[in-house]
Amino acid sequence: MIKKTELIKKCRKIKLIISDVDGVLTDGGMYYGKTGEIMKKFNTRDGMGVSLISDKVKINLMTRENSEIVLRRAKKMKVDHVYMGIKDKELLLPEICKKYKILKEEVAYIGDDVNDLKIMKRVGLSIAPNDANRKIRDIADYICKTKGGEGVLREFTELILSTYNLRRPIKEKDNR
């Protein structure tokens, strides 16, 4: 994790948040029936987080899975784009930056497991749920207080929004 003053500086630069889905927006559980995947549990607070920040920051979802459920949740949350079936997530970063005309330093990525490691090392700000894989927590700039599926995206959007409202420089020992 990085110092609070550095975290604030990085948050103020963010123009795009990319979030993994399973283990971040969900608790990582998958429910299957005879016909395949039938349910995932999402936290409604994440949708409100998207709504609160959407006029300042773009939101994308990126997942290794191919899931109609994810597409429906993304549509309801009104995210800007969904990338599905992505094995090597870091390979899409240059294309995404070009699409939004931003630098990789202006991208935040939220991930929870080893398949997120490479992209998290390449973005400007990396975030992990509290219950993320140890390797992910070790490299994350910020570890959320919340666990996957409990409002991780909402917590991070509130953190970014709080940096917009700061009127004075924050000192490292400041507990606000």
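On a predicted model such as this, the values are computed, not experimentally measured, just so you know.

What counts, and at which threshold
Residues numbered from 1 in each chain as written. Predicted model: local features only at pLDDT ≥ 70, side-chain atom pairs only at ≥ 80, totals over all residues. Heavy atoms only, no water. Salt bridge = Lys/Arg side-chain N within 4 Å of Asp/Glu carboxyl O. Helix = DSSP H or I, 4+ residues; strand = E, 2+ residues; numbered from the N terminus. Buried < 20%, exposed > 50% of the residue type's maximum accessible area, 1.4 Å probe, protein only. Contact = heavy atoms within 4.5 Å. Pairing = 2+ DSSP bridges. Expected span 1.5 Å × (residues − 1). Polar contact = N/O pair within 3.5 Å; in protein donor to acceptor, adjacent residues only side chain to side chain. Right-handed = clockwise from strand over helix to strand, strands pointing away.

1. Examining the pattern of salt bridges
Piece 1. Evaluated as defined, the whole model comprises nine salt bridges.
Piece 2. As a salt-bridge pair, K58 and D80 come within 4.0 Å of each other at their nearest N and O atoms. Here the residue K58 occupies a position in strand β4 (residues 58-62), and D80 occupies one in the loop between α3 (68-77) and β5 (81-83), the gap between them amounting to 22 residues.
Piece 3. The class of K58 is partly exposed, set by a relative accessible area of 37%.
Piece 4. For the salt bridge of D116 with K89, the shortest nitrogen-to-oxygen distance reads 2.7 Å. In this pair, D116 is assigned in the loop between β6 (107-110) and α5 (117-122) and K89 in the loop between β5 and α4 (93-100), connecting sequence segments 27 residues apart. Grouping residues by exposure puts D116 and K89 together as buried.
Piece 5. Connected through shared salt-bridge partners, D20, K89 and D116 make up one network.

2. A few points about the environment of V50
Piece 1. Within the secondary structure layout, V50 lies in helix α2 (residues 44-53).
Piece 2. Considering only alpha carbons, one finds V50 and K89, 39 residues apart in sequence, at a separation of 21 Å.
Piece 3. Discounting chain neighbours no more than four positions away, the residues touching V50 are I59, M77, K78, V79 and L153.

3. Here we look at the sheet that holds strand β7 (residues 125-128)
Piece 1. Within the open sheet, the six strands sit side by side as β5-β4-β1-β6-β7-β8. Their pairing is parallel. Either end of the sheet is taken by a strand with one partner, and the two such strands are β5 and β8 (142-143).
Piece 2. Looking at chain direction, β7 and β8 are connected through two bridges and run parallel. If you follow I127 over to β8, its bridge partner there is Y142.

4. Some points on helix α7 (residues 152-164)
Piece 1. In this model, α7 (13 residues) spans 19 Å end to end at C-alpha, consistent with the 18 Å of a helix rising 1.5 Å per residue.
Piece 2. Burial within α7 is extensive, with ten of its 13 residues counted as buried.
Piece 3. Considered for burial, the residues of α7 that qualify are V152, L153, R154, E155, F156, T157, L159, I160, L161 and T163.

5. Some words on the pairing of strand β3 (residues 36-39)
Piece 1. As paired elements, strand β2 (residues 31-33) and β3 share three bridges and run antiparallel to each other. Bridge pairing in β3 places G33 opposite G36.
Piece 2. A loop of two residues connects β2 with β3, the two strands running antiparallel in sequence.

6. Things to note about the side chain of K40
Piece 1. Along the polypeptide, K40 turns up in the loop between β3 and α2.
Piece 2. Using a relative accessible area of 10% as the deciding quantity, one classes K40 as buried.
Piece 3. At 2.7 Å, the side chain of K40 and the side chain of D22 are in polar contact.
Piece 4. When residues no more than four places from it in sequence are discounted, the contact partners of K40 are D22, T26, M30, Y31, S67, I69 and V70.

7. Brief notes about the pairing of β6
Piece 1. Residues of β6 alternate between two faces, with V107 and Y109 on one and A108 and I110 on the opposite face, all of them buried.
Piece 2. Both strand β1 (residues 16-19) and β6 contribute to a ladder of four bridges, which runs parallel. Opposite S19, over in β6, you have I110 as the bridge partner.
Piece 3. Two elements, β6 and β7, share three bridges in a ladder whose sense is parallel. For I110, the partnering residue across the bridge sits in β7 and is I127.
Piece 4. In this fold, the crossover linking β6 to β7 by way of α5 has right-handed handedness.

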